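# Descriptive structure summary
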Amino acid sequence: MNPFGEFWLITLCLAIATLICLIVWTRHRGKIAFSLASILGVLTVVVLAIDLSITTESEVAARRLTQLTSLFEAKSPEALGMISAKSPELREMVNAGMKIATVRDLRISDLTTRFTTDGSRAMVEFRISGDMDLVGFGNVGRQPAKFDTVWVKEDGLWKLFKVVRKNPLNDSPMELMRPSAS
């Protein structure tokens, strides 16, 4: 997911060209420079508006991931509805995780999304860290993790189907419920 949108380079170039034309106009008061700055300024706004109005499937899948992590952090039962009906074990594990762990200040980074050729599955890889309290252990500090997830489309929504937790340092697979990355 590109936080700057798909047209960020075009928007940046248009904005720089607009600024250059405005600088030329302020120094020389030429009508051509002012007209060009006006046209380029309007074009910059139009391109930015088009970019902001387009939502890609990658952005939708990434948004679903952030929704799921927020719901997990809030211990909301709605989080279970974001898990595929085809993955009852995963649903049970997430439910158990919400009962034994309290997480705060979750931060997602290094998010990448890929799709199968037919677009029926999304593979979302990301790093996440957050402060964690575990029942029976108390505060175990900030826990980094890396996940490879598979999402499937059900009823028009991306739902979590599979999760592989990886060690954030060496990418080796880890148990999902293990509290430490070390």
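Everything quoted here is computed from the prediction, not taken from an experiment. (Residues numbered from 1 in each chain as written. Predicted model: local features only at pLDDT ≥ 70, side-chain atom pairs only at ≥ 80, totals over all residues. Heavy atoms only, no water.)

### Quick notes on the overall build of the protein chain
- Looking only at helices and strands, the protein chain has four helices and five strands in total.
- Rg of the C-alpha trace for the protein chain: 23 Å, well past the compact-globule value of 16 Å for 182 residues, more than 25% over.
- Seen through its principal axes, the protein chain has C-alpha atoms that stretch 75 × 40 × 30 Å.
- Considering the protein chain as a whole, with its 182 residues, one finds that 35% of them fall into the buried category.
- Long-range pairs, those at least 24 residues apart, make up 49% of the contacts in the protein chain with a sequence separation of at least 6.
- Counting 22 positive and 19 negative side-chain charges, the protein chain places the centres of these two groups 5 Å from one another. (Helix = DSSP H or I, 4+ residues; strand = E, 2+ residues; numbered from the N terminus. Rg over C-alpha atoms; globule rule 2.2 N^0.38 Å. Buried < 20%, exposed > 50% of the residue type's maximum accessible area, 1.4 Å probe, protein only. Contact = heavy atoms within 4.5 Å. Lys, Arg positive; Asp, Glu negative; His and termini not counted. Charge placed at Lys NZ, Arg CZ, Asp CG, Glu CD.)

### Focus on helix α2 (residues 31-53)
- Here α2 spans 33 Å end to end across 23 residues, near enough to the 33 Å set by a 1.5 Å rise per residue.
- By the burial criterion, the buried members of α2 are A33, A37, L40, T44, V47 and D51.
- Looking at the buried residues of α2, the elements they touch are α1 (8-28). (Expected span 1.5 Å × (residues − 1).)

### Concerning helix α4 (residues 88-100)
- Along its 13 residues, α4 runs 19 Å from first to last C-alpha, staying within 8% of the 18 Å computed at 1.5 Å per residue.
- Buried residues of α4: L90, V94, G97 and M98, and no others. Buried residues in α4, looked at end-on, bunch into an arc of 100°, giving them a common side. Away from the buried face of α4 by more than 90 degrees, exposed residues E89, E92 and K99 are located.
- Against the buried residues of α4 lie α3 (57-73), β1 (101-115) and β4 (157-166). (Arc of directions from axis to C-beta.)

### Here's the deal with the sheet that holds β4
- Spatially, five strands are ordered β1-β2-β3-β4-β5 in an open sheet, and the strand pairing comes out antiparallel. Either end of the sheet is taken by a strand with one partner, and the two such strands are β1 and β5 (173-174).
- Bridge count between strand β2 (residues 121-134) and strand β3 (residues 138-154): 14 bridges; the pairing is antiparallel. Note that in β3 the partner of E125 across the bridge is D148.
- Lying over the sheet, α3 contacts β1, β2, β3 and β4, oriented at roughly 165° with respect to β1. (Pairing = 2+ DSSP bridges. Axes fitted to C-alpha atoms, helices over the stretch in contact; angles between N-to-C directions.)

### Topic: the packing of aromatic side chains
- Under the definition given, this model contains three aromatic pairs.
- Between W25 and F34, the aromatic rings sit 5.0 Å apart at their centres with planes inclined by 45°, giving tilted as the arrangement.
- For the ring pair F115 and W158, a centre distance of 5.7 Å and an interplane angle of 50° mean the geometry is tilted. Remark: W158 occurs in strand β4 and F115 occurs in strand β1; sequence separation between them is 43 residues.
- Of the residues examined, W158 reaches a relative accessible area of 1% and is grouped as buried.
- Over the ring of W25 we find R29, and its NZ or CZ is 4.6 Å from the ring centre. (Phe/Tyr/Trp six-rings, centres within 6.5 Å; stacked < 30°, edge-to-face > 60°. Lys NZ or Arg CZ within 6 Å of the ring centre and 35° of its normal.)

### Things to note about the pattern of salt bridges
- By the definition in use, this model includes nine salt bridges.
- Among the ionic pairs, R104 bridges to D133, the shortest N-O distance being 2.8 Å. With R104 in strand β1 and D133 in strand β2, the pair connects residues that are 29 residues apart, well separated along the chain.
- The exposure class of R104 is partly exposed, given its relative accessible area of 33%.
- Judged by relative accessible area, D133 falls into the partly exposed class, the value being 24%.
- Ionic pairing is found between R127 and D110, a salt bridge with its closest N-O pair at 3.1 Å. (Salt bridge = Lys/Arg side-chain N within 4 Å of Asp/Glu carboxyl O.)

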